[in-house]
Amino acid sequence: SEEFLDEKAGSVPDPDGDVGFFGSVAVSQKLSDTWDWRVSASLLSFGDNTISVRSPTTTADLSQSLNAYTADADFGWLTTTGNTNLRFGVGLLATSYDNGIGFEVTDGIDAFRGNADVEYTGIGPKLSVDLTNPVSADGRMSLIAGASIAPTKGDLDLSITARSTM
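Quick notes on the rules
Residues numbered from 1 in each chain as written. Predicted model: local features only at pLDDT ≥ 70, side-chain atom pairs only at ≥ 80, totals over all residues. Heavy atoms only, no water. Helix = DSSP H or I, 4+ residues; strand = E, 2+ residues; numbered from the N terminus. Buried < 20%, exposed > 50% of the residue type's maximum accessible area, 1.4 Å probe, protein only. Contact = heavy atoms within 4.5 Å. Areas by Shrake-Rupley, 256 points an atom, 1.4 Å probe, with all protein chains shown as cover. Patch = residues over 30% accessible without salt bridge, like charges linked within 9 Å, V, L, I, M, F, W, Y side chains within 5 Å. Salt bridge = Lys/Arg side-chain N within 4 Å of Asp/Glu carboxyl O. Polar contact = N/O pair within 3.5 Å; in protein donor to acceptor, adjacent residues only side chain to side chain. Pairing = 2+ DSSP bridges. Phe/Tyr/Trp six-rings, centres within 6.5 Å; stacked < 30°, edge-to-face > 60°.

Attention now goes to the overall build of the protein chain. Along the backbone of the protein chain there are 1 helix and 7 strands. Along the protein chain, helices and strands appear, N-terminal first, in the series α-β-β-β-β-β-β-β. For the protein chain, buried positions account for 18% of its 166 residues. At a minimum sequence separation of 6, the contacts of the protein chain that also span at least 24 residues come to 60%. Of the roughly 11,400 Å² that the protein chain leaves accessible, carbon and sulfur atoms contribute 60%.

Written as structure tokens, this is what we have:
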């Protein structure tokens, strides 16, 4: 329980102040009544978020940052079934991911510090399907849905360092 943790390790901060960001942009163009192309890019990022636990004799800090990027391009085939517009896409997706974790524990005399970094960069095929279906009689309100899958092949690197000042 939180009371037990506070009693053993000191107060634990509330993570409400952590910062994250997501952004995405896409550009597309219709080539004909049945074909189009689309290019998009996305970013997911969490800044250096730190949690500190303090007691009368020990301090522990844990920090983490995360960045993930994707960029993709595809060609799509457009068709209509009843009132539903469908788009089937095939293309290529590239992705990059970086997650850094750092920690430090001190007891007033000795300190133990370390960090771990996980990085991945990959590329692979992308398949997607999108649909648009009007749900109001005048067509001003529509259901829009989409799904995609992109298995990627790339390089996963893990780097860990640690040191003690005893």
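So much for the structure itself; the text now carries on.
What follows deals with a nonpolar patch on the surface. On the surface, a nonpolar cluster with roughly 600 Å² of combined accessible area is contributed by L31, W35, F75, W77, F88 and V129. Structurally, W35 is set in strand β2 (residues 35-54). Accessibility expressed as a relative area gives 44% for W35, which makes it partly exposed.

Moving on to the side chain of T84. Along the chain, T84 turns up in strand β4 (residues 84-106). In terms of polar contacts, T84 uses its side chain to reach the side chain of N133, at 3.0 Å. When residues no more than four places from it in sequence are discounted, the contact partners of T84 are T79, L131, T132 and N133.

This part takes up the pairing of strand β7 (residues 153-164). The side chains of a regular strand alternate between both faces of the sheet. Taken across its 12 residues, β7 has 0 buried, putting it largely on the surface. Pairing of strand β5 (residues 111-134) with β7, which is carried by 12 bridges, proceeds in the antiparallel orientation. Residue pairing in the sheet places Y120 in a bridge with L156 of β7.

Right, let's get into the environment of D117. Topologically, D117 is positioned in strand β5. Note on D117: relative accessible area 22%, which makes it partly exposed. Once the C-alpha coordinates of D117 and G102 are considered, the two residues, 15 residues apart in sequence, prove to be 8.6 Å apart. In this structure D117 touches D98, N99, G100, D157, L158 and S159, once residues within four positions along its chain are discounted.

Scanning the entire structure with this criterion turns up 9 salt bridges. The salt bridge partner of D74 is R87, with a shortest N-O separation of 2.9 Å. Pair noted here: D74 is in strand β3 (residues 59-81) and R87 is in strand β4, with a separation of 13 residues, a long-range link. Each member of the pair, D74 together with R87, is buried. Between D130 and R87 there is a salt bridge; the shortest N-O distance is 3.9 Å. Taken together, the residues D130 in strand β5 and R87 in strand β4 connect sequence positions 43 residues apart. Classification of D130 by relative accessible area gives partly exposed; the value is 22%. In this structure R87 comes out as buried when scored by relative accessible area, which is 6%.

Within the structure shown, the criterion is met by 2 aromatic pairs. Residues W77 and F88 carry aromatic rings whose centres are separated by 6.1 Å and whose planes lie at 25 degrees to one another, so their mutual orientation is stacked. Linking W77 in strand β3 with F88 in strand β4, this pair joins segments that are 11 residues apart in sequence. What makes F88 partly exposed here is its relative accessible area of 37%. Considering the side-chain rings of F103 and F112, the 5.7 Å spacing of their centres and the 35 degrees angle between planes classify their relative orientation as tilted.

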